[in-house]
Amino acid sequence: MLSIMRRQLLLVFQVVLTVVTSHDGSVLQARATAWKTCIQEQSGHKATPSIRAAFCIVSGATADNPSFAHVHIYKNAGTALNNLVSEACKVRNGSYAMLRSHKALEQAVQRFSNRLLLFSAQRNPIDRFFSVVAESARRGTLVLPVLSKAEELKDPQATLDWMLRMQSRPRLAQREVHFSGQIQFLIRSTGKLASNPRPWPIQYMVDMRNPEEIRTMWHILVGGSLYPLPDLRGRHRKDTEYEQCLDSTSKECERATDRTRQLVGWLVLESRHSTAMMNTTILTKWYPEDSKCYQAAEQA
């Protein structure tokens, strides 16, 4: 009986060891390099006006034991990965902070240099488009022409097809930052268009579809220990601007909410509801740079 238990324990240990050591982060590093190279090859782009980065300062940080931060690309599992940093920071007994400006992140990069580990997450541009539209519908931040078309057509697929053909993504992004491309969240701000944008020096790029990569990133952040991966579920919908508006007495909120409540069901779709023509428009006209960088990263 004792021999059987020993064999079982040995098997468990070998499985755990395999999980930890077979995913060393090299794929995530290659993907980050591909994104940075691709961004530098783009032109005529500038960073998003706002940026967030979940940041953990590790006491006595060194190149081998760095502080770390997640550069938040909206709609790329950002809230869950911010939670990852927060939980890892507790394990490392670090100090957690949310950086909310390009200046703050730039100062952190300059201050810590090679003692700072930066990572981010990529997402298929088609999947992200539908997630962005759904988020904007819930928030009530879509432009009036889209809302009016939704009311007219009462068909989500037809409405989004019309939006892709008739609306300007950069113009939408000026009203709702979620419509910005993924590369724009990874560009260091200069306040103007750049012929050769400088990317943030990210070292790892996680693909949000792959739970094992999230686990790998966790082990990297906590120093390779066997702490269990915590629950990283993102915010509840009650925490979104749309849901906050539901509880507000503001007349402006009341008007926006009444209309949004009617339209949410007509605008929230998933990529599986898309058409080949819509996918082509998303990849070639709305997010061609993201598509190029995402493809390069997948091949890295």
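Structural notes on the pattern of salt bridges
Within this structure, the stated rule accounts for 9 salt bridges. In this structure, Asp161 and Arg165 form a salt bridge, with 3.1 Å as the shortest nitrogen-oxygen distance. Of this pair, Asp161 and Arg165 both sit in helix H7 (residues 156-166), 4 residues apart, which is roughly one turn of that helix. Taking the relative accessible area as the measure of exposure, Arg165 reaches 52% and is therefore exposed.

Structural notes on the pairing of strand E2 (residues 67-71)
Most of E2 sits out of view: 5 of its 5 residues are buried. Residues Ser67, Ala69 and Val71 line one face of E2 and the alternating positions Phe68 and His70 line the opposite face, and both faces are buried. Across 4 bridges, strand E1 (residues 53-57) lies against E2 in antiparallel orientation. Across the sheet, residue Ala53 finds its bridge partner in E2, namely Val71. In terms of strand pairing, E2 meets strand E4 (residues 116-122) through 4 bridges, oriented parallel. Pairing of Phe68 across the sheet is with Leu117, part of E4.

Things to note about the sheet that holds E4
Sheet architecture is open: 5 strands sit in the order E3-E1-E2-E4-E5, paired in mixed fashion. The strands lining the two open edges of the sheet, one partner per strand, are strand E3 (95-99) and strand E5 (204-207). Put simply, the sheet's adjacent strands are angled 20° from each other on average, direction ignored. Across the sheet, helix H2 (residues 26-40) touches E4 and E5, and the angle it forms with E5 is around 105°. Along the sheet, helix H4 (residues 102-112) makes contact with E1, E2, E3 and E4, crossing E4 at roughly 135°.

Description of the packing of H2 against helix H14 (residues 288-299)
For any two helices packed against each other, one specifies the inter-axial angle together with the distance between the axes. At a minimum axis separation of 8 Å, H2 and H14 run at an interaxial angle of 145°. As for how H2 packs across H14, the hand of that crossing is right-handed. Every residue of H14 that contacts H2 at Arg31, Ala34, Trp35, Cys38 and Ile39 is listed here: Glu289, Asp290, Lys292, Cys293, Tyr294, Ala296, Ala297 and Glu298. Classifying every residue of the contact of H2 with H14 by side-chain character gives 8 nonpolar, no polar and 5 charged.

Describing the confidence of the model for the chain
Residues of the chain with pLDDT of at least 70 account for 79%, and the chain-wide mean is 83. Between residues 1-22, whose pLDDT stays under 50, and residues either more than four places distant or in other chains, the model counts 6 contacts. Taken together, the stretch residues 236-244 has pLDDT below 50 and engages in 15 contacts with residues farther than four places along the chain or on a different chain.

Some details on unusual backbone geometry
A negative phi angle is the norm for most residues apart from glycine, just as the trans form is the norm for most peptide bonds. One non-glycine residue, Asn93, adopts positive backbone phi at about 55°. Its location among the elements puts Asn93 in the loop between helix H3 (78-91) and E3. One non-glycine residue, Ser113, lies in positive phi territory at about 50°. Among the secondary structure elements, Ser113 is positioned in the loop between H4 and E4.

Reading the values: the criteria
Residues numbered from 1 in each chain as written. Predicted model: local features only at pLDDT ≥ 70, side-chain atom pairs only at ≥ 80, totals over all residues. Heavy atoms only, no water. Salt bridge = Lys/Arg side-chain N within 4 Å of Asp/Glu carboxyl O. Helix = DSSP H or I, 4+ residues; strand = E, 2+ residues; numbered from the N terminus. Buried < 20%, exposed > 50% of the residue type's maximum accessible area, 1.4 Å probe, protein only. Pairing = 2+ DSSP bridges. Axes fitted to C-alpha atoms, helices over the stretch in contact; angles between N-to-C directions. Contact = heavy atoms within 4.5 Å. Left-handed = near helix turned anticlockwise from the far one by under 90°. Nonpolar A, V, L, I, M, F, W, Y, C, P; charged D, E, K, R; others polar. pLDDT = per-residue confidence, 0-100.

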